[in-house]
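# Observations on the three-dimensional arrangement
Each chain is listed here by its residues.
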Amino acid sequence: MRKITFVLILIIMTTNPIKEVSSEQIVQDLIIEIKSKKFQIDKELDKIISDYKKRIEIKSKKYLENNPTNYIGNTYKGELKEENIPHGIGNILYQNEDMYSGEFFETLRHGVGKYTYLGSMNHKDHPFSIGYYIGEWYADANEGLGESLITKWENLSIYRGNWAVNRINGFGYYHMLGHKDNKIPKIELIGYFVNDQGFKYMIEINRKENGQLEDYPPSGLYEFNVEQGTKTPIYEFKTIEEWDNIKISKSNSYPILEKLVESYIIDETQTKEFKDAKLEFSILLTKLQIDTSDYGYDASGDLLEWFQKVNELNRGSFAFSSLNDVKKGTQRIKELKKEFELLKKN
């Protein structure tokens with residue numbers, strides 16, 4: 001075992017000021033917490049996916065027989081609200097042939113649903129594998145627990161865990177596939193992620209074709225440093241059975257992880273105030289797009305430039321990291337609406 005960092009010992013001793021613990025025991029307890037949290041995430045995500053298949057998918061398939069509704073150039077079949085906007089359960093086929101089936105709120109993908117990358121899949125490396133995301137959505141973005149088959153790299157990958165604003169954020173685990181018809185993962189990363197990258201203390205497992213551990217790089221507990229782009233081994237598993245035989249704690253309590261990691265990744269974007277404001281922003285922006293969509297087909301000059309500004313705001317909204325960003329975005333919608341009215345008059 002590599003020498004554990006002084007910061008790690010200090011934090012754990014603060015958590016348990018009376019109980020005397022060795023650095024070895026601290027590491028073992030941390031590994032147990034990571035494996036136990038993975039078990040909890042799996043259980044919760046399986047429940048969400050099961051609910052989707054039983055409650056949402058069956059209902060959404062029935063709507064495929066309905067007459068389509070044009071929604072900003074995309075084809076929608078499903079439940080509608082006033083003014084023929086998607087609201088409830090339905091299916092939408094986008095212009096690039098990607099498809100979403102699931103819950104909508106005021107036109108937004110919101111609730112639980114599945115997005116299938118039919119049109120934007122990686123045909124070169126994976127011509128027979130279609131990427132997808134299935135899980136929770138908030139204000140048109142992957143938000144909450146979800147599972148994704150990732151096809152954009154040479155090796156197929158699966159991620160299961162937490163997401164925020166369309167990116168891997170929070171606790172989860174990542175499998176790079178490649179062994180025995182993708183049944184045995186080459187690499188597994190388990191722990192917290194920030195913007196798609198491993199963060200702080202994570203389990204990394206590197207497997208051979210037969211499922212046993214690779215000699216190099218070693219498998220075990222690592223400390224990841226995102227800023228420096230480094231990872232430092234803390235504890236090495238001698239065999240895969242050492243990891244497999246770790247008993248899971250069912251207490252749903254993770255004091256070491258909470259001290260070491262969660263305090264670093266909780267920010268304003270996870271507050272109710274931010275989420276409510278982002279939802280309102282997304283509804284207003286989508287309404288603006290719907291109200292002006294008839295003018296976009298043959299737009300040119302100043303009008304084309306205006307539509308480009310709207311698209312720029314839409315893309316930039318995924319990078320909102322504070323309530324102030326959302327408020328500025330909402331104000332920008334109001335300005336764009338006034339600009340459009342002036343352009344119509346001219």
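Here the structure is a predicted model, which means the values were calculated and not measured. (Residues numbered from 1 in each chain as written. Predicted model: local features only at pLDDT ≥ 70, side-chain atom pairs only at ≥ 80, totals over all residues. Heavy atoms only, no water.)

Secondary structure summary: the protein contains seven helices and 13 strands in total. Seen through its C-alpha atoms, the protein measures out along the principal axes to roughly 75 × 45 × 35 Å. In the protein, the proportion of contacts linking residues at least 24 apart, taken out of those at least 6 apart, comes to 44%. Carbon and sulfur atoms form 50% of the exposed surface of the protein, whose accessible area is close to 19000 Å². In the protein, which carries 47 positive and 53 negative side-chain charges, the distance between the mean positions of the two groups comes to 2 Å. (Helix = DSSP H or I, 4+ residues; strand = E, 2+ residues; numbered from the N terminus. Contact = heavy atoms within 4.5 Å. Areas by Shrake-Rupley, 256 points an atom, 1.4 Å probe, with all protein chains shown as cover. Lys, Arg positive; Asp, Glu negative; His and termini not counted. Charge placed at Lys NZ, Arg CZ, Asp CG, Glu CD.)

Looking now at the pairing of strand β12 (residues 220–225). On a regular strand, each side chain points to the face opposite its neighbour's, so the side chains alternate between the two faces of the sheet. Direction of pairing for strand β11 (residues 197–206) relative to β12: antiparallel, over a ladder of five bridges. Bridging from a neighbouring strand, Ile203 pairs with Leu221 of β12. Pairing geometry for β12 and strand β13 (residues 230–236), over six bridges, is antiparallel. When the bridges of β13 are listed, Leu221 appears paired with Tyr235. (Pairing = 2+ DSSP bridges.)

What follows covers the environment of Tyr100. Within the secondary structure, Tyr100 is located in strand β4 (residues 99–105). The class of Tyr100 is buried, set by a relative accessible area of 0%. Linking Tyr100 and Tyr133, residues 33 residues apart in sequence, is a C-alpha distance of 9.4 Å. When sequence neighbours within four positions are dropped, the list of residues in contact with Tyr100 reads Gly90, Asn91, Ile92, Tyr94, Arg109, His110, Val112, Gly113, Lys114, Tyr115 and Trp137. Within the structure, Tyr100 has its side chain in polar contact with the backbone oxygen of Glu103 (distance 2.8 Å). (Buried < 20%, exposed > 50% of the residue type's maximum accessible area, 1.4 Å probe, protein only. Polar contact = N/O pair within 3.5 Å; in protein donor to acceptor, adjacent residues only side chain to side chain.)

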